[in-house]
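Chains, contacts and geometry: an overview
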Amino acid sequence: RDAQESRGLGDVYKRQHMCYHIFAFIAGFVLDLLIGDPHFIPHPVRLIGSLISFLDKRLNCDAGYNSSEKKLNLIKYKRGMLLAFTVIFATFAISVIIIVAAYSINLYAGVIAEAVMTWQILATKCLRVESMRVYDALRTDGVDAGRRAVSMIVGRDTSVLDAAGVTRAAVETIAENTSDGVIAPMLYTAIGGPVLGFVYKAVNTMDSMLGYKNDKYMYFGRFAARLDDVVNFIPARISAYLMIVAAFIGGRQFDGKNAYRIFKRDRFNHASPNSAQTESVCAGALRVQLAGDAVYFGKLVKKKYIGDGLREIEYEDIKRANRLMYITAFLCELLSVAVMSLVLILL
């Protein structure tokens, strides 16, 4: 009898915790839409980035090694693994401490902490704000201003871009980060709360900082880049299908059928197994051509095209891509809440 009562209390606790999690999840999404990422508020991802930079400076060096190139590359790879595990463990531990400490104070503090952490994990409004700066610069001040604005959100050399190239770079960033910055962190947070959400952000931040195919990071950043590919594999494909649905319901400015067609044809036209998933959908939905050759660190990188270019790209496509991203985000939020609610009913 005592065991049955204990199990009953445990089930009640699980249901209550799921209710709190769902509420915090929705509240965090709303906060992200309303507030975004104000620069005057310290962001945890910047702290994660600082830790990565600190470890990068101390681990990614050749000093003290008189070894063959092959052995030196292996040492760099292992040091990159050490950095990745250190960052992930630190992020996990701090996130757990914050959540446990908040809920130990009282229920309200716990829910508020979880909602705030969820808000900081998501980047829906931030992505729109940063990309719309490119739109405003192109529309009001011309291509030079557009180049400066887009250089803040892409890693390529923007000095060689014309107005179409600037627009294309912004649209590609919106499309790719719909998965990396919105849908994937939303899914991981829905599954494992802010703790898993921040672990995902740590992996994604490591890839963005270390995942370059140059002399410095070819081996040191390889583990982080491959880990990012793994954790984004399923979310990128969920993002793509949600974006296809968004293209069908988003209005006449989107072509849902073409979005699906280009997705099926061009979703692997990228060095990453994930990046072209949403880029192909966006290109098809807007009926434009994305990707192609780009300059990175002074070197021309040959890339396949994505989409057919049924019309010329224009700066209004930045607004359209943001609209597509927002519809996709709302669809994912609804889907996540529906699944969590189903789990709540089954508990």
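Structure first, text after, so check above.
Below you will find a few notes about this structure. In this text the structure is predicted, and so the values were computed from the model without any measurement.

A word on the nonpolar core
Across soluble globular proteins, nonpolar side chains show a tendency to be buried alongside one another. Ranked by internal contacts, the top residues of the largest apolar core, which has 85 residues, are L83, M206 and I318. Among residues more than four places away in sequence, those in contact with L83 are I52, L55, D56, L59, M206, L210 and F220.

Some points on the side chain of S131
As for its placement among the helices and strands, S131 is situated in helix α5 (residues 124-141). Classification of S131 as buried rests on a relative accessible area of 1%. One polar contact links S131 to N322, side chain to side chain, over a distance of 2.9 Å. Among residues more than four places away in sequence, those in contact with S131 are I153, I174, I318 and N322.

Focus: empty space enclosed by the protein
This model, assessed by the stated rule, comprises one cavity of 30 Å³ or more. Estimated volume of the largest cavity: approximately 60 Å³. Every residue along the wall of the largest cavity is listed here: D32, G36, D37, P38, I41, P42, H43, W119, Q120, L122, A123 and C126.

Notes on the pattern of salt bridges
In total, this model carries 11 salt bridges according to the counting rule given. The closest approach of N and O atoms between D37 and R46, which form a salt bridge, is 3.3 Å. Since its relative accessible area comes to 23%, D37 is described here as partly exposed. Relative accessible area serves as the criterion here: at 35%, R46 is assigned to the partly exposed category.

What to know about unusual backbone geometry
For R287, which is not glycine, the phi dihedral falls at a positive 65°. Within the fold, R287 resides in the loop between α10 (275-286) and β1 (290-291). A residue is classified by how much of its surface remains accessible, and R287, at 35% relative accessible area, is partly exposed.

Focus on the environment of V160
In this fold, V160 is placed in the loop between α6 (143-150) and α7 (163-210). Between the alpha carbons of V160 and K201 there is a distance of 31 Å; along the sequence they are 41 residues apart.

Some details on the packing of helix α3 (residues 69-105) against helix α4 (residues 107-121)
Two measures define how a pair of helices packs: the angle their axes make with one another and the distance between the axes. With their axes 5 Å apart at the nearest point, α3 and α4 run at an angle of 150° to one another. The pairing of α3 with α4 is recorded here as roughly antiparallel in orientation. Between α3 and α4 the crossing geometry is right-handed. On the side of α3, the interface is formed by S95, I98, I99, A102, Y103 and I105, while α4 contributes L107, A109, G110, V111, A113, E114 and M117. Class assignment for the residues of the contact of α3 with α4 results in 10 nonpolar, two polar and one charged.

Rules used throughout
Just so you know, the residues in each chain are numbered from 1, in the order the chain's sequence is written. A pLDDT threshold of at least 70 governs which residues receive local features in this predicted model, and a stricter bar of 80 or more applies before side-chain atom pairs are shown or counted, although totals over entire chains, interfaces and linings include all residues. Heavy atoms throughout the structure, all of them, feed into the side-chain values; hydrogens and water do not. Put simply, a nonpolar core is a bunch of buried Ala, Val, Leu, Ile, Met, Phe, Trp, Tyr and Cys residues held in one set by side-chain atoms that sit within 4.5 Å of each other. Categorising residues by exposure relies on relative accessible area from a 1.4 Å probe, with only protein chains included: less than 20% of the type maximum marks a residue as buried, more than 50% marks it as exposed, and the intermediate range marks it as partly exposed. Pairs of residues are marked as contacts when any of their non-hydrogen atoms sit within 4.5 Å. A run of DSSP states H or I qualifies as a helix once it reaches four residues; a run of E qualifies as a strand once it reaches two. Both are numbered from the N-terminal end. Pairs of N or O atoms within 3.5 Å make up the polar contacts considered here, provided that, within protein, one atom can donate a hydrogen while the other can accept it, and that residues adjacent in sequence are counted only when both atoms are side-chain atoms. Definitions used throughout: a 1 Å grid over protein atoms alone; a cavity as a set of points that fits a 1.4 Å probe which cannot get out; a pocket as an open set with protein on both sides within 12 Å along at least five of seven lines; a lining residue as one with an atom within 4 Å of a point. Grid points are joined across faces, edges and corners, and a volume is the space filled by probe spheres set on the points. Here, a salt bridge means any Lys or Arg side-chain nitrogen found within 4 Å of an Asp or Glu carboxyl oxygen. Angles run from 0 to 180 degrees between N-to-C directions of axes, and those axes are lines fitted to C-alpha atoms, restricted for helices to the stretch in contact. Reported orientations rely on four angle classes, namely roughly parallel under 35 degrees, roughly antiparallel over 145, roughly perpendicular from 65 to 115, and oblique for the rest. Each crossing gets its hand from how the near helix is turned against the far one by less than a right angle, where anticlockwise is left-handed and clockwise is right-handed. The classification used treats Ala, Val, Leu, Ile, Met, Phe, Trp, Tyr, Cys and Pro as nonpolar, Asp, Glu, Lys and Arg as charged, and all other residues, Gly among them, as polar.

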